[in-house]
Amino acid sequence: MVKRLLDSGTQALFFPMVQSVDEAMAVAPPATHLVVLWRRWRGSGYRLRPHHRLLPTGRRRNHRHRAARNQAALDAAVEIGTVDGVDGVFFGPADIGADIGFVGQPMHPSVWDLIRPTATKLIEAGVPVGTIVTDLAFATDLLNSGFTFVACANDTGLLAQAADDAVATVRRGLT
């Protein structure tokens, strides 16, 4: 399937939930262009899956096991990122935050205390590193510190902001 997608002209593939070297090797045949998307067991983007916000992370079944497995993935990030065929590692701060008890707080300092040292090791190893943040100044800081790619907005956030701006503009014009 990977070869078929690449042969069709796809420039890059993101593989979610890769948490070990063996998993990276299974999805990254040599001479392809893949980006490993490191995520927890299921994405926790707070704007993407609001139904996940209904229960605190600690009440999810097997949460401690999943969090430990994901910590192992962070510890193995350089090895995962240097697998032949893996062209980069993407960190999901909302997912990592949920794993460590900061649900809906992807910008919490504790989240970035985990991501930054791991990202630095990857950058030093020559592995491109990416993430997503909605704070534009922080996105700029990450790029200046060596991150290769930083998504700094998402469709639902942009749509919500545009809707808020439209309502505010109309309200300001009311007499």
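Please read all numbers here as calculations on a predicted model, not as lab measurements.

## Concerning the overall build of the protein
For step 1, the next point in the chain: Looking only at helices and strands, the protein has eight helices and five strands in total.
For step 2, the next point in the chain: Seen in sequence order, the protein has helices and strands lined up from the N terminus as α-β-α-β-α-α-β-α-α-β-α-β-α.
For step 3, the next point in the chain: Out of the 175 residues in the protein, the part that is buried amounts to 38%.
For step 4, the next point in the chain: Total accessible area computed for the protein in this model is approximately 10000 Å², and 59% of it derives from carbon and sulfur atoms.

## Details of helix α7 (residues 136–144)
For step 1, the next point in the chain: The complete set of buried residues in α7 reads F138, A139 and L142. One side of α7 carries all its buried residues, which in axial view fall inside an arc of 105 degrees. With respect to the buried face of α7, the exposed residues turned more than 90 degrees away are L136, A137 and N144.
For step 2, the next point in the chain: For α7, the side-chain oxygen to backbone nitrogen distance between the N-cap and A137 is 3.0 Å, and the N-cap itself is D135.

## Some points on the environment of A153
For step 1, the next point in the chain: When you line up the elements, A153 lands in the loop between β5 (149–151) and α8 (155–173).
For step 2, the next point in the chain: Taking the C-alpha atoms as reference points, A153 and A139, 14 residues apart in sequence, are found 9.8 Å from one another.
For step 3, the next point in the chain: When sequence neighbours within four positions are dropped, the list of residues in contact with A153 reads I132, V133 and L158.

## Some words on the nonpolar core
For step 1, the next point in the chain: By size, the foremost hydrophobic cluster in this structure holds 18 residues, and its most contacted members are F91, W112, I115, L122, V133, L142 and F147.
For step 2, the next point in the chain: Listed by contribution, the elements that provide at least two residues to this core are β3 (86–91), α6 (109–124) and α7.
For step 3, the next point in the chain: Of the residues forming this core, the biggest block, five residues, is contributed by α6.
For step 4, the next point in the chain: Discounting residues that sit within four places of it in the chain, V133 has contacts with M107, W112, F138, A139, L142, V150, A151, C152 and A153.
For step 5, the next point in the chain: Membership of the second largest hydrophobic core comes to twelve residues, among which are A28, A76, V83 and V86.

## Examining the pattern of salt bridges
For step 1, the next point in the chain: Under the criterion given, the structure shown has one salt bridge.
For step 2, the next point in the chain: Linking D141 and R116 is a salt bridge whose minimum nitrogen-to-oxygen distance equals 2.5 Å. Pair noted here: D141 is in helix α7 and R116 is in helix α6, with a separation of 25 residues, a long-range link.
For step 3, the next point in the chain: Relative accessible area serves as the criterion here: at 37%, D141 is assigned to the partly exposed category.

## A look at the confidence of the model for the protein
For step 1, the next point in the chain: Confidence in the prediction for the protein averages 80 pLDDT; 76% of positions are at 70 or higher.
For step 2, the next point in the chain: Model confidence for the protein, summarised as mean pLDDT per element, is weakest for strand β2 (residues 34–38) at 54 and strongest for α7 at 97.
For step 3, the next point in the chain: Across residues 38–60 the pLDDT falls below 50, and counting only partners more than four positions away or on other chains, this stretch makes 65 contacts in the model.

## Digging into the environment of V83
For step 1, the next point in the chain: With respect to the helices and strands, the residue V83 is situated in the loop between α4 (77–81) and β3.
For step 2, the next point in the chain: Judged by its relative accessible area of 9%, V83 is buried.
For step 3, the next point in the chain: As for V83 and D22, which are separated by 61 residues in sequence, their C-alpha atoms are 9.3 Å apart.
For step 4, the next point in the chain: Sequence-distant contacts of V83, defined by excluding residues within four places in its chain, comprise V21, A24 and M25.

## Some thoughts on the pairing of strand β4 (residues 129–132)
For step 1, the next point in the chain: Bridge count for β3 against β4 is three bridges, and the pairing is parallel. Looking at β4, one finds that F91 is bridged to T131.
For step 2, the next point in the chain: As paired elements, β4 and β5 share three bridges and run parallel to each other. Among the inter-strand pairings, G130 is bridged to a residue of β5, identified as F149.
For step 3, the next point in the chain: In this view, the connection linking β4 to its parallel neighbour β5 by way of α7 has right-handed handedness.

Each value, and the rule that gives it
Per chain, residue numbering runs from 1 following the sequence as it is written. Note on the predicted model: pLDDT of at least 70 is required for a residue's local features to be given, and 80 or more for side-chain atom pairs to be given and counted; whole-chain, interface and lining totals, by contrast, use all residues. Think of the side-chain values as coming from all heavy atoms in the structure, minus any hydrogens and water. Elements are defined by DSSP. Helices are runs of H or I of four residues or more, strands are runs of E of two residues or more, and each kind is numbered from the N terminus. Working definition: with a 1.4 Å probe on protein chains only, accessible area under 20% of the residue-type maximum means buried, over 50% means exposed, and in between means partly exposed. What sets the accessible areas is the Shrake-Rupley method with a 1.4 Å probe; for residues, cover comes only from the shown protein chains. Directions pointing from the helix axis toward each C-beta atom define the arc. As used in this structure description, the phrase polar contact means that two N or O atoms lie within 3.5 Å; if the pair is within protein, one of them must be able to donate a hydrogen and the other to accept it, and residues adjacent in sequence are counted only when both atoms belong to side chains. Note on definitions: a residue-residue contact is assigned when non-hydrogen atoms from the two residues lie within 4.5 Å. Here the nonpolar core consists of buried residues drawn from Ala, Val, Leu, Ile, Met, Phe, Trp, Tyr and Cys, with membership extended through side-chain atoms lying within 4.5 Å. For salt bridges, the criterion is a side-chain nitrogen of Lys or Arg within 4 Å of an Asp or Glu carboxyl oxygen. The pLDDT score gives, residue by residue, the confidence of the prediction method on a 0 to 100 scale. Two strands pair under a simple rule: DSSP has to find at least two bridges between them. A right-handed crossover is one whose linking path, passing over the helix from the first strand to the second, runs clockwise when the strands point away from the viewer.

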